[in-house]
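The primary structure of each chain is shown beneath.
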Amino acid sequence: MKKWRINRPDPVKTAEFMNKCDLKSLTLDVMTSRGFTDFDSLADFFKGEELSDPFLIKDMAIAAEVINKAVDQYDLICIYGDYDCDGVTSTTILYNYLESMGANVMYYIPEREAGYGMNMEAIEMLAEKGVKLIVTVDNGISAVEEAERIAELDMELVITDHHQPPEKLPRARAIVNPHRADCPSSYKDLAGVGVAFKLCAALDGGSYDTVMEQYADICAIGTVADVVPLTGENRTIVKRGLEYLANTEILGLNYLIDKAKLDRNALDSTGIAFRIAPVINASGRFGSPLTAVKTLLSEDPEDAENYVDTLLNLNAQRKQTETEIMTEIVNHINAHPETLDHRVLVLSGKGWHHGVIGIVSSRILEFYGKPNVIISIDNDGNARGSARSVKGFNIFKCFQHCGELLDKFGGHECAGGLSLKAENIEKFTQMVYEYSDPMEKFPSVELIADKLLMPQDINLDNVKGLAAMEPFGAENPVPVFAMLGVRVDKIIPLSQGKHTKIEFSYGSYRGQALIFSLAPEKACFAVGDKLDMLVELGINVFNNRESISIRVIDHRLSGVKQERYFAAKDCYEKLMRGEQLPASFIRKIIPTRQELIGVYKYISAVKNITLDNLFMKISGDSMNYCKLHICVDIFRDKGLIEFRPATMKISYVVPKQKVNLEDSETLVKLNEMLGKAGN
């Protein structure tokens, strides 16, 4: 179960704004719930921010001068990029622009195995090729030593980047980065491709006309992929880019859009984020990032299609590898359920693909709601890890706490990476536990609803009006709404039972909702039950007829008290970790014989159920999550059920003989704890 937070709009402001603009009431409710409480800020959001003069970014004029001089002298220029989608699109834009200027230009992107950013081996190779000027895109701000070597080799360096600068900046002719402390530009949140886009405008004398027409589609892809805020100038770039993307002249993108079966009339940032960007990223994860660059640059239809097919195959490999790693993790957790009792999960495996562990870490965070570190061990005894966290638990500070064991680490509050010797993983894991487990209050993943949706809110005009907020992305997510007390009238299986559709009543509103990846028999609800749901709203068009679509992103039976659930879950984990708790508390959570019989009868009747669904069905004042989990553990100890902790699935097992529950490992452990607590 995930924690929900339902925000409240300001009805007074909504009414005030409705008198000043033509936005729909539902859209204005969302905006006021997100903090837009004055009309000027609201108007600025929807009007879009004009792209500021590129020369406002520190060193942009110098960078343009240095590059233009190299173009005029026909010096060999190398665009030094990065292997992710932001780096690939940045490289593509700047290379294509310089080539169109008649420059003597090449590009270089290190393979993932070489690591992020500049490296000495590549610099030596570029010098041997006769490169006179290196221009970085989406990297370089931390390349202090590499910059010195570039100077020693009598090459010039221009850095364009968007990552946070270190205290000491590299030696370069120009360092173009909006995050520089001395940069006067007003907008700081550009992706690497946004900085490269502005550099092209600067090379064109400061005008965006040509670069917008030629590169807005590519720039939009890189911007969305890098998950930078879709506000201000980024919002402007992506909005314009989506307009161009539908009729892009880039052969590779055309093939990719068609083969990904995207609707050109409904291209949006979600399509980029989930259908285009992962395919481009796959080249840097499983093949060569150069394939992605060639896909975007190719002017030969046959070559372009072949490159796209290669990318799609690499993306399929990526998905398969993700699945294999997730399967290993699930098997490990089922064999070692104590793994889940900790506040931060540390999971490691041999040969896990470095290009995928970051994605796996994100999936683990989403599924278990816990910060985690996913570590891959190679054959030489070295290990690399990727981490994801939630606001409120700084994973970078956690790494600092474990710094003595790490060869290298970096990151910020919600994401990080590290390297260490495989022999130190066990000790590292214990240090992570020592740092995180004792924290008094620990943050959890929250699903945030913009408002409680009322039946009268659900109409075509209101739902269609939400499109005014697009493009959606970081800091401007797709609106989510809460619907509380929905009555389930009918349950309909879809796609041979892979998905579920429900027909429901919600006050005066009658509608349908889709729940993807949920088989009807695994649902927590039955016809007649009342549900609380978090949903996204959209418009379906069939035979030129529009209807409202409702997609359920999370649901639970009505009446669940989530604060009690999470408090009891935390107490269960403390118990399992062996933390000292008051004797009075331990007495309360040891189930009575009658409570055990009641839980067992329910499980034997339904045969298969998840722990969360069981909790929603039979919890009460005396049966909280902690006690219920203990009941399940007792049954598992005695072989009365099969319990898979990784998925919390409970399966009834027909008993072969009578069992004595009193000597179950769980009860024995609790009674020992009770004795130590001063029974």
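Fair warning: this is a prediction, and the values are worked out from it, not measured in the lab. (Residues numbered from 1 in each chain as written. Predicted model: local features only at pLDDT ≥ 70, side-chain atom pairs only at ≥ 80, totals over all residues. Heavy atoms only, no water.)

Draft legend 1. Just the packing of helix α6 (residues 120-128) against helix α7 (residues 144-152), in detail. At a closest axis distance of 10 Å, the pairing of α6 and α7 adopts a crossing angle of 20°. As judged from the angle between their axes, α6 and α7 are roughly parallel. Between α6 and α7 lies a crossing of right-handed hand. When α6 is examined against α7, the residues M120, I123 and E124 are found in contact with a partner set consisting of E145, E146, R149 and I150. Here the residues of the contact of α6 with α7 are counted per class, giving three nonpolar, no polar and four charged. (Axes fitted to C-alpha atoms, helices over the stretch in contact; angles between N-to-C directions. Helix = DSSP H or I, 4+ residues; strand = E, 2+ residues; numbered from the N terminus. Parallel < 35°, antiparallel > 145°, perpendicular 65-115°, else oblique. Left-handed = near helix turned anticlockwise from the far one by under 90°. Contact = heavy atoms within 4.5 Å. Nonpolar A, V, L, I, M, F, W, Y, C, P; charged D, E, K, R; others polar.)

Draft legend 2. Region of the structure containing the environment of T136. The topology assignment puts T136 in strand β4 (residues 133-137). Apart from the residues within four sequence positions on either side, T136 is in contact with Y80, M118, L157, V158, I159 and T160.

Draft legend 3. Structural detail: the sheet that holds strand β21 (residues 649-652). The strand order across the open sheet formed by three strands is β19-β21-β20, and the pairing between neighbours is antiparallel. On the outer flanks of this sheet lie β19 (608-610) and β20 (641-644), each paired with one strand and no other. Each adjacent strand pair in this sheet contributes to an overall mean axis angle of 20°, direction not counted. The pairing of β20 with β21 spans four bridges and is antiparallel. Directly across from R644, in β21, lies its bridge partner K649. Strands β20 and β21 of the sheet are contacted by helix α23 (residues 625-637), whose axis makes an angle of about 120° with β20. (Pairing = 2+ DSSP bridges.)

Draft legend 4. Focus on the pairing of β20. Because side chains alternate across β20, one face comprises the buried residues I641 and F643, and the other comprises E642 and R644, none of which is buried. Counting the residues in the hairpin turn of β20 and β21 gives four residues, including M648, whose phi is positive at 60°. (Buried < 20%, exposed > 50% of the residue type's maximum accessible area, 1.4 Å probe, protein only.)

Draft legend 5. Region of interest: the sheet that holds strand β6 (residues 174-176). Pairing in this open sheet of five strands is parallel, and the strands run β3-β2-β4-β5-β6 from one edge to the other. On the outer flanks of this sheet lie β3 (104-108) and β6, each paired with one strand and no other. Strand-to-strand, the axes of this sheet are offset by a mean angle of 20°, without reference to chain direction. Here strand β2 (residues 76-80) pairs with β3 via five bridges, running parallel. Across the sheet, the residue bridging to L76 is N104, located in β3.

Draft legend 6. Expanded view of the pairing of β4. Most of β4 is tucked away: five of the five residues are buried. Of the two faces of β4, the one carrying L133, V135 and V137 and the one carrying I134 and T136 are both buried. Examined bridge by bridge, β2 and β4 share four bridges and lie parallel to one another. Along β4, the bridge assignment pairs Y80 with T136. In this sheet, strand β5 (residues 156-160) lies alongside β4 in parallel orientation, the contact comprising five bridges. Bridge pairing in β5 links T136 to I159. Once the chain exits β4 it traverses α7 before rejoining the sheet at β5, and the crossover so formed is right-handed. (Right-handed = clockwise from strand over helix to strand, strands pointing away.)

Draft legend 7. Layout of the packing of aromatic side chains. Tallying each qualifying case throughout the model produces 19 aromatic pairs. Taking 5.6 Å as the distance between ring centres and 45° as the angle between the ring planes, the aromatic pair formed by F396 and F409 counts as tilted. One end of the pair, F396, is in helix α16 (residues 395-401); the other, F409, is in strand β10 (residues 406-411), with 13 residues separating them in the sequence. With a relative accessible area of 30%, F409 lands in the partly exposed category. Here a set of aromatic residues connected by ring pairs shows up, and it is made of F396, F399, F409 and F428. For the cation-ring pair, K3 lies above F566, with the distance from its terminal atom to the ring centre recorded as 5.1 Å. (Phe/Tyr/Trp six-rings, centres within 6.5 Å; stacked < 30°, edge-to-face > 60°. Lys NZ or Arg CZ within 6 Å of the ring centre and 35° of its normal.)

Draft legend 8. Structural context of the side chain of K198. Relative to the elements of secondary structure, K198 occurs in helix α8 (residues 192-203). For K198, a relative accessible area of 2% corresponds to the buried category. In this structure the side chain of K198 is engaged in a polar contact, spanning 3.0 Å, whose partner is the side chain of S52. Beyond its immediate chain neighbours, meaning those up to four positions away, K198 contacts S52, P54, I57, M60, L190, Y208 and E233. (Polar contact = N/O pair within 3.5 Å; in protein donor to acceptor, adjacent residues only side chain to side chain.)

Draft legend 9. Inspection of a negative patch on the surface at higher detail. A cluster of acidic residues, D204, D209, E213 and E249, forms a negative patch at the surface. One can find D204 in the loop between α8 and α9 (209-225). (Patch = residues over 30% accessible without salt bridge, like charges linked within 9 Å, V, L, I, M, F, W, Y side chains within 5 Å. Areas by Shrake-Rupley, 256 points an atom, 1.4 Å probe, with all protein chains shown as cover. Salt bridge = Lys/Arg side-chain N within 4 Å of Asp/Glu carboxyl O. Lys, Arg positive; Asp, Glu negative; His and termini not counted. Charge placed at Lys NZ, Arg CZ, Asp CG, Glu CD.)

Draft legend 10. The arrangement of the state of the cysteines in detail. Overall, the coordinates contain zero disulfides when judged by the stated rule. Cysteine C85 is unpaired, with the sulfur of C219 as its nearest cysteine sulfur at 11 Å. In this model C200 remains outside any disulfide bridge; the closest cysteine sulfur is found in C219, 9.2 Å from its own. C200 gets classed as buried once you look at its relative accessible area, which sits at 0%. (Disulfide = S-S within 2.5 Å.)

So far we have only geometry, and geometry alone does not tell us how the molecule works.
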